[in-house]
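So you can see what is in the structure, the chains are spelled out below.
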Amino acid sequence: MAAYAGGGLSAVDVREAAAALSLPAEAFGNDPAVEMLWAMKAHQHAEVYGNLISAVDPKFLKLTKADDQIYTEFRKSFKDLKIDVLDPEDLKSEPAKEKWRPFCLQFDGVVEDFNYGTLLRLDCSKGYTEENTVLATRIQFFAIEIARNREGYNSVVYNRAKEASSFQEEASSG
């Protein structure tokens, strides 16, 4: 992840990457350049989301048009899933995959790109780091992050950013 943390992409690069990523997967096989584009897109999404929950109280965020449906179905299917600190096995083990598959598939056609790879923080009180990040599908990301927002777990990120901002304001005015 650190290799592209600085961004460095021009608007042309981003448009070219978006155009390439809109082609069907069969067009690429296992092209490493395309895998890098997907990784860059996932990293960019993570960066934007991290900034968003730092700037806006997560309790009021709406991530998709289907937030209510996603949250209801998520908590129906995963009522006991611990979401503040995720265990990767709850996403990646064979039994977990069997449980996630029907949940995810119900959002095909409801949530755009529901099965795209997305970076998900394991511990919601921490940022996106290599140790604190796992690859998940976009619908898993939405389900867990909507639940974290509604259940107050992401408030720690927002409150920490707010405190840092007010501390900086005090330091610069004092």
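The shown structure was predicted, so the numbers you read here are calculated from the model rather than taken from an experiment.

### Observations regarding the confidence of the model for the chain
Working step 1: Per-chain confidence: the chain averages 84 in pLDDT, with 79% of residues scoring 70 or above.
Working step 2: Mean pLDDT across the elements of the chain bottoms out in helix α1 (residues 11-21) (52) and peaks in helix α3 (residues 67-77) (98).

### Some thoughts on α3
Working step 1: By the burial criterion, the buried members of α3 are D67, I70, E73, F74 and R75.
Working step 2: Buried-residue contacts for α3 involve α5 (94-105) and α6 (138-150).

### Here's the deal with the packing of aromatic side chains
Within a pair of aromatic rings, the relevant descriptors are the distance that separates the centres and the angle that separates the planes.
Working step 1: This structure, assessed with the given rule, holds nine aromatic pairs.
Working step 2: Here W100 and F103 contribute two aromatic rings whose centre-to-centre distance is 5.5 Å and whose plane-to-plane angle is 85 degrees, an arrangement assigned as edge-to-face. Of this pair, W100 and F103 both sit in helix α5, three residues apart, roughly one helical turn.
Working step 3: A residue is classified by how much of its surface remains accessible, and W100, at 2% relative accessible area, is buried.
Working step 4: A residue is classified by how much of its surface remains accessible, and F103, at 2% relative accessible area, is buried.
Working step 5: Among the aromatic side chains, those forming a connected cluster through ring pairs are F74, F78, W100, F103 and F107.
Working step 6: Seen from the ring of Y128, R121 lies directly overhead, with NZ or CZ sitting 5.8 Å from the centre.

Rules and cut-offs
Residues numbered from 1 in each chain as written. Predicted model: local features only at pLDDT ≥ 70, side-chain atom pairs only at ≥ 80, totals over all residues. Heavy atoms only, no water. pLDDT = per-residue confidence, 0-100. Helix = DSSP H or I, 4+ residues; strand = E, 2+ residues; numbered from the N terminus. Buried < 20%, exposed > 50% of the residue type's maximum accessible area, 1.4 Å probe, protein only. Contact = heavy atoms within 4.5 Å. Phe/Tyr/Trp six-rings, centres within 6.5 Å; stacked < 30°, edge-to-face > 60°. Lys NZ or Arg CZ within 6 Å of the ring centre and 35° of its normal.

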